[in-house]
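# Structural characterization, general
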Amino acid sequence: MDDRAYWIAFNRVPGIGPARLTALLETCGNIAAAWNAPTKTLQAAGLDRRSIGNLVTARQHLDPSAELEKVLRRGYKVFSREDDGYPANLLQIPQPPPLLYMRGQLEQNDQLAVAVVGTRRVSPYGREVAAELGANLARNGVTVVSGLALGVDAIAHQSALDAGGRTLAVLGSSVDQIYPARNRRLAMQIIEQGALISEYALGTRPEASNFPPRNRIISGLSLAVIVVEAAKRSGALITADFAAEQSRDVFAVPGSILSPGSDGCNRLIQDGAIPITSVDDLLERLQLPTAVAHQEARGTVPASPDEALILQHISTEPQHMNDIVRAAPLGTSQVSSLLAMMELKGLVRQVGLMQYVRAN
């Protein structure tokens, strides 16, 4: 049986998230064995009584093969974190989602991605800034990631599309439950020039509790997060917190001290976020290429001094990114963005979770 069937089945078991599934895999060895494991093995993996009961019940009512067929029949893609098509950036975060459902297409260049997030109640100033950032990121070959929400998210998505770029939308519902309904047309455009992505099983409604966890995926897919406009308790600040935990750079657009909608951004800057006034600020910080250089990136641009430094610490034997960071006098986020760019250039290859080798 296709292993994805078991991953999908586990995705429908309440109480078994990334941490518990990881523990099961470490105990059982593979996903099929984990699905069929006896109670004593489940206990040895650290599952509590409720999780074990949920799994036993799911086995009685779920046919993994039928669940996979249902997904594929509707034309959706599904990737476990063991599959080659799983986003490389997302594999670098703690406890990446075990499974992703997708409508649309991921491309290798989507590793050069930046999240643009912010309030739903966007001001004219925030609207203008979000549109400019989304368009200019796209023109420079950077994929725009956001959450399909009204306000800043939708503006960033649409601006990237209008500029001929790519964009990824991470949902707080399943990929067959587009939310909000007002953005359904936008979602269809994104499928054509990017992808809709969700960790939630088909049929999952947009419950409020789904949105904070999805924000870790928005930041995890990205090399950096830009918060355009956010009030004190905006969900965009949750994304910024996840980004910081994941060693991603956090950028914030400065706003008026008299505007409640800019309070979150201004406080982020006070707490150490990087002020951003144009896309050039981000490109320079992350050492991302300009639009012209991006077109030449696949092998024709010579390595920068920092890339050459990193190459000194990579051989034909897999090297973990953390070891590279320790060996090179560069920060984690800088090494992460450089490795992503070097992979696009064909200088290195990722052969496992944060493991890199020199390309042949």
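Just above sits the structure.
Attention here is on the structure that accompanies the text. (Residues numbered from 1 in each chain as written. Predicted model: local features only at pLDDT ≥ 70, side-chain atom pairs only at ≥ 80, totals over all residues. Heavy atoms only, no water.)

## What about the sheet that holds strand β3 (residues 113-117)?
Read across the sheet, 9 strands follow the order β1-β2-β6-β5-β4-β3-β7-β8-β9 without closing on themselves; strand pairing throughout is mixed. Two strands close off the open sheet at either side, each with one partner strand: β1 (77-80) and β9 (274-275). Pairing of β3 with strand β4 (residues 143-146), which is carried by 3 bridges, proceeds in the parallel orientation. Bridged to A113 within β4 is T143. Against the sheet, helix α12 (residues 235-245) engages β3, β7 (224-227) and β8 (249-252), with an angle of about 155° to β7. (Pairing = 2+ DSSP bridges. Helix = DSSP H or I, 4+ residues; strand = E, 2+ residues; numbered from the N terminus. Contact = heavy atoms within 4.5 Å. Axes fitted to C-alpha atoms, helices over the stretch in contact; angles between N-to-C directions.)

## Thoughts on unusual backbone geometry
In this model, Y179 is joined to P180 through a cis peptide bond whose omega is 0°. Its location among the elements puts P180 in the loop between β5 (167-170) and α10 (184-192). With phi around 65°, L148 is a residue other than glycine that occupies positive phi space. Among the structural elements, L148 can be located in the loop between β4 and α9 (152-162). Positive phi, close to 65°, is recorded for S247, a residue that is not glycine. The topology assignment puts S247 in the loop between α12 and β8. The exposure class assigned to S247 is partly exposed, which follows from its relative accessible area of 34%. (Buried < 20%, exposed > 50% of the residue type's maximum accessible area, 1.4 Å probe, protein only.)

## Overview of the pattern of salt bridges
A complete count under the given rule lists 12 salt bridges for this structure. R285 is the salt-bridge partner of D249, the closest N and O atoms lying 3.3 Å from each other. With D249 in strand β8 and R285 in helix α14 (residues 279-286), the pair connects residues that are 36 residues apart, well separated along the chain. On the basis of relative accessibility, which here comes to 8%, the residue D249 falls in the buried class. One salt-bridge network, held together by shared partners, links R12, E67 and K70. (Salt bridge = Lys/Arg side-chain N within 4 Å of Asp/Glu carboxyl O.)

## Description of the nonpolar core
Among the nonpolar cores identified, the biggest contains 32 residues, and F10, L21, L24, W35 and Y101 are the most heavily contacted of them. Elements with a minimum of two residues in this core: α1 (3-11), α2 (18-28), α3 (31-35), α5 (49-61), α6 (64-73) and β2 (99-104). Here the element with the most residues in this core is α1; it accounts for 6 residues. Ranked by size, the runner-up nonpolar core spans 31 residues in total, among them F79, A115, L237 and A240. (Core = buried A, V, L, I, M, F, W, Y, C linked by side-chain atoms within 4.5 Å.)

## Looking at the packing of α9 against α10
Put simply, α9 and α10 touch, their axes get as near as 11 Å, and they point 45° apart. By the angle class used here, α9 and α10 are oblique. Crossing angle aside, the handedness with which α9 passes α10 is left-handed. Side by side, α9 and α10 meet where A154, H157, Q158 and L161 of the first sit next to L186, Q189 and I190 of the second. In the contact of α9 with α10, the residues fall into 4 nonpolar, 3 polar and no charged. (Parallel < 35°, antiparallel > 145°, perpendicular 65-115°, else oblique. Left-handed = near helix turned anticlockwise from the far one by under 90°. Nonpolar A, V, L, I, M, F, W, Y, C, P; charged D, E, K, R; others polar.)

## Details of the sheet that holds strand β11 (residues 348-352)
The strand order β10-β12-β11 describes an open sheet built from 3 strands, whose pairing is antiparallel. Either end of the sheet is taken by a strand with one partner, and the two such strands are β10 (319-320) and β11. In this structure, β10 lies alongside strand β12 (residues 355-358), joined through 2 bridges in antiparallel fashion. What sits directly across from Q319, in β12, is Y356. Contacts between helix α18 (residues 332-345) and the sheet are confined to β11 and β12, with β11 contributing the most and set at about 110° to the helix.

## A look at the pairing of β12
Regular strands place their side chains on alternate faces of the sheet. With 4 bridges connecting them, β11 and β12 associate as antiparallel partners. Within the sheet, the bridge partner assigned to V348 lies in β12 and is R358. The hairpin turn running from β11 into β12, its antiparallel successor, is 2 residues long, and M354 in that turn takes a positive phi close to 60°.

## Details of the packing of aromatic side chains
Under the defined criterion, the tally for this structure stands at 2 aromatic pairs. An angle of 90° between the planes, with centres 5.2 Å apart, marks the rings of F10 and W35 as edge-to-face. Of the two residues, F10 sits in helix α1 while W35 sits in helix α3, which places them 25 residues apart along the sequence. The class of F10 is buried, set by a relative accessible area of 1%. (Phe/Tyr/Trp six-rings, centres within 6.5 Å; stacked < 30°, edge-to-face > 60°.)

## Examining the environment of G141
Relative to the assigned elements, G141 resides in the loop between α8 (124-139) and β4. Considering only alpha carbons, one finds G141 and G331, 190 residues apart in sequence, at a separation of 24 Å.

## Things to note about the side chain of D249
Side-chain polar atoms of D249 contact the side chain of R285, separated by 3.3 Å. In this structure D249 touches L223, A224, V225, I274, R285, L286 and S333, once residues within four positions along its chain are discounted. (Polar contact = N/O pair within 3.5 Å; in protein donor to acceptor, adjacent residues only side chain to side chain.)

## Some points on the packing of α1 against α6
Helix packing for two helices is described by the angle between their axes and how far apart those axes are. Following both chains from N to C, one finds α1 and α6 inclined at 95°, their axes separated by 8 Å at the closest point. Regarding the angle of α1 to α6, the classification is roughly perpendicular. Seen from α1, the contacting residues are R4, A5, Y6, I8 and A9; seen from α6, they are P64, S65, E67, L68, V71 and L72. Of the residues that constitute the contact of α1 with α6, the class distribution is 8 nonpolar, 1 polar and 2 charged.

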